[in-house]
Amino acid sequence: MTDAASRSGAIDAAELRRRTQELLAAYPVAGTDRVDFLKARFDVGLAWVHYPQGLGGLGAPRSLQAVVDAELEAAGAPDNDPRRIGIGLGMAAPTILGFGTEEQKSRFLRPLWVGEEVWCQLFSEPGAGSDLAALGTRAVRDGDDWVVNGQKVWTSSAHLARWAILIARTDPDAPKHRGITYFICDMTDPGVEVRPLRQITGEAEFNEVFLTDVRIPDAHRLGEVGDGWRVAQTTLMNERVSIGGMRIPREGGMIGPVSKTWRERPDLRTHDLHQRLLTLWVEAEVARLTGERLRQQLVAGQPGPEGSGMKLAFARLNQEISGLEVELLGEEGLLYEDWTMRRPELVDFTGRDAGYRYLRSKGNSIEGGTSEVLLNIVAERVLGLPSEPRTDKDVAWKDLAR
């Protein structure tokens, strides 16, 4: 640790490099089991350095995580397969950290980060998607437990998940935003039924989940009873940042494959396609740099509505770029590799063919908050425009028209 850091008790970049090298010396990459290495990394506070000590962090600035990551990448250390456990990392973890009890943090954060336990999100319902606060899944108190009944839909990774973050209605007499409570649901409960939802791609990466007399102990409640909407906002803001603000290199993401095709296939080029590709390349680079700035803003506090703007840009660009790629490829772009029904563990945009990218990107403007809802959020919370009239804000949920 530097002299200045020693006097202040702060963790600086040099100290993080030293601790990372100590980890690598104690757990050599070549001779250490992957999971054992990840557990050791968590225990010494190098998982997410901005988290508190004892919970995978050191209370250091968030920006210094890149120092640790670079050292470990250079050494060939294993990662925790973040794409597979993205819901846990990007949504469940910050919510548990913000609203969980000390027991909940100790129980859930380590296996979540290591990847031993996959998480899913039980929010959307057939009648409560864009208007999430209209949800009807009920949770009724029964002694030290809550008994939950209802249906959730569009649940990524439910077929893999050990745990779920769940919002349910606990007071139907309250207005829709105020009668909701937030829970951690055990996906192995016998009342949880997961059914695949086959998508336009032919795969079933999403699911519908039926909850029948699922018993959730009150000890697995996050936040106060009836305060679930406020807790859910932490989840949703982090979700949009994790979708729209992912760190990617230049020409990473969807613009990469179409740029590669353009360079390698001059026979496909036209003037019109060239102009459109240039425009989308610039827009993709602007979005990438804006995402980097957003991540830097997170160093100073919690994610705000700006993440909704990034998620909006992500959806629009993906759809326009994939459409251009299919046009560029002509007849080849109409081919599709495989319609076999399967239940993948993650979404791989860049490792698949153009047909898959085109079809899968159609869901980007729905998942993680529809583009229409996100436009309202940006208008009201970023631009400060007047809210749309809402006649149901003070009406009891049970009295709403359905």
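For the structure, see preceding data.
(A) Inspection of the state of the cysteines at higher detail. The final tally for this structure, using the stated rule, is 0 disulfides. In this model Cys185 remains outside any disulfide bridge; the closest cysteine sulfur is found in Cys120, 7.7 Å from its own. Look at Cys185 and you get buried, because its relative accessible area is 0%.

(B) The arrangement of the side chain of Asn207 in detail. The residue Asn207 is located in strand E7 (residues 206-217) in this model. Under the relative-accessibility criterion, Asn207 is labelled buried at 0%. Within the structure, the side chain of Asn207 is placed 3.2 Å from the side chain of His159, a separation counted as a polar contact. The residues contacting Asn207, other than those within four sequence positions of it, are Val153, Trp154, Thr155, Ser157, Ala158, His159, Val194, Arg195, Pro196, Leu197 and Arg343.

(C) Expanded view of the nonpolar core. Counting residues in each nonpolar core, the largest one holds 35 residues, and the members touching the most others are Trp48, Leu109, Trp113, Trp119, Phe123, Ile167 and Tyr182. Those elements that place two or more of their residues in this core are helix H3 (34-43), helix H5 (86-99), helix H6 (102-114), strand E4 (163-169), strand E5 (180-186) and helix H7 (228-244). Considering each element in turn, this core owes the most residues, 6 residues, to H5. Filtering out sequence-adjacent residues up to four positions away, Phe123 remains in contact with Leu132, Lys152, Ile165, Leu166, Ile167, Tyr182, Ala232, Thr235 and Leu236. Residues Cys120, Ala158, Leu166 and Ala168 belong to the second largest nonpolar core, which totals 18 residues.

(D) Quick look at the side chain of Arg41. Note on placement: Arg41 falls in helix H3. Here the side chain of Arg41 touches Asp69 through a polar contact of 3.0 Å, side chain to side chain. Filtering out sequence-adjacent residues up to four positions away, Arg41 remains in contact with Leu23, Leu46, Ala47, Gln65, Val68, Asp69, Leu72 and Trp113.

(E) View of the pattern of salt bridges. All chains considered together, the criterion is met by 40 salt bridges. Arg19 is paired through a salt bridge with Glu15; the nearest N and O atoms lie 2.7 Å apart. Taken together, the residues span about one helical turn, with Arg19 and Glu15 both in helix H2 (residues 13-26) at a distance of 4 residues. The partner of Arg276 in a salt bridge is Glu327, with the nearest N and O atoms 2.8 Å apart. With Arg276 in helix H9 (residues 271-298) and Glu327 in helix H10 (residues 306-329), the pair connects residues that are 51 residues apart, well separated along the chain. Exposure remark for Arg276: the relative accessible area of 28% places this residue in the partly exposed category.

(F) A look at the pairing of E5. Of all 7 residues making up E5, 6 are buried, and the element is well covered by its neighbours. Summarising the sheet, E4 and E5 pair through 7 bridges and their orientation is antiparallel. Residue pairing across strands places Ile165 opposite Ile184, the latter belonging to E5.

Each value, and the rule that gives it
The residue numbers shown here count from 1 along each chain, following its written sequence. The model is predicted, so local features are restricted to residues of pLDDT at least 70 and side-chain atom pairs to those at 80 or more, both for listing and for counting; the totals for chains, interfaces and linings are taken over all residues. Only hydrogens and water are removed before side-chain values are computed, so all heavy atoms of the structure are retained for them. Pairs of cysteine sulfur atoms within 2.5 Å are identified as disulfides in what follows. For the exposure calls, accessible area comes from a 1.4 Å probe over protein chains only, and a residue counts as buried if that area is under 20% of its type's maximum, exposed if over 50%, partly exposed in between. For helices the rule is a DSSP run of H or I covering at least 4 residues; for strands it is a run of E covering at least 2, with both sets numbered from the N terminus onward. Under this definition, polar contacts are N or O atom pairs within 3.5 Å; protein pairs additionally need one hydrogen-donor-capable and one acceptor-capable atom, and for neighbouring residues in sequence, both atoms have to be side-chain atoms. Only heavy atoms enter the contact rule, under which two residues are in contact if any of them lie within 4.5 Å. Side-chain atoms within 4.5 Å are what join buried Ala, Val, Leu, Ile, Met, Phe, Trp, Tyr and Cys residues into a set we call a nonpolar core. Basic side-chain nitrogens of Lys or Arg form a salt bridge, by our definition, when they fall within 4 Å of a carboxyl oxygen of Asp or Glu. At least two bridges found by DSSP between two strands is the condition for calling them paired.

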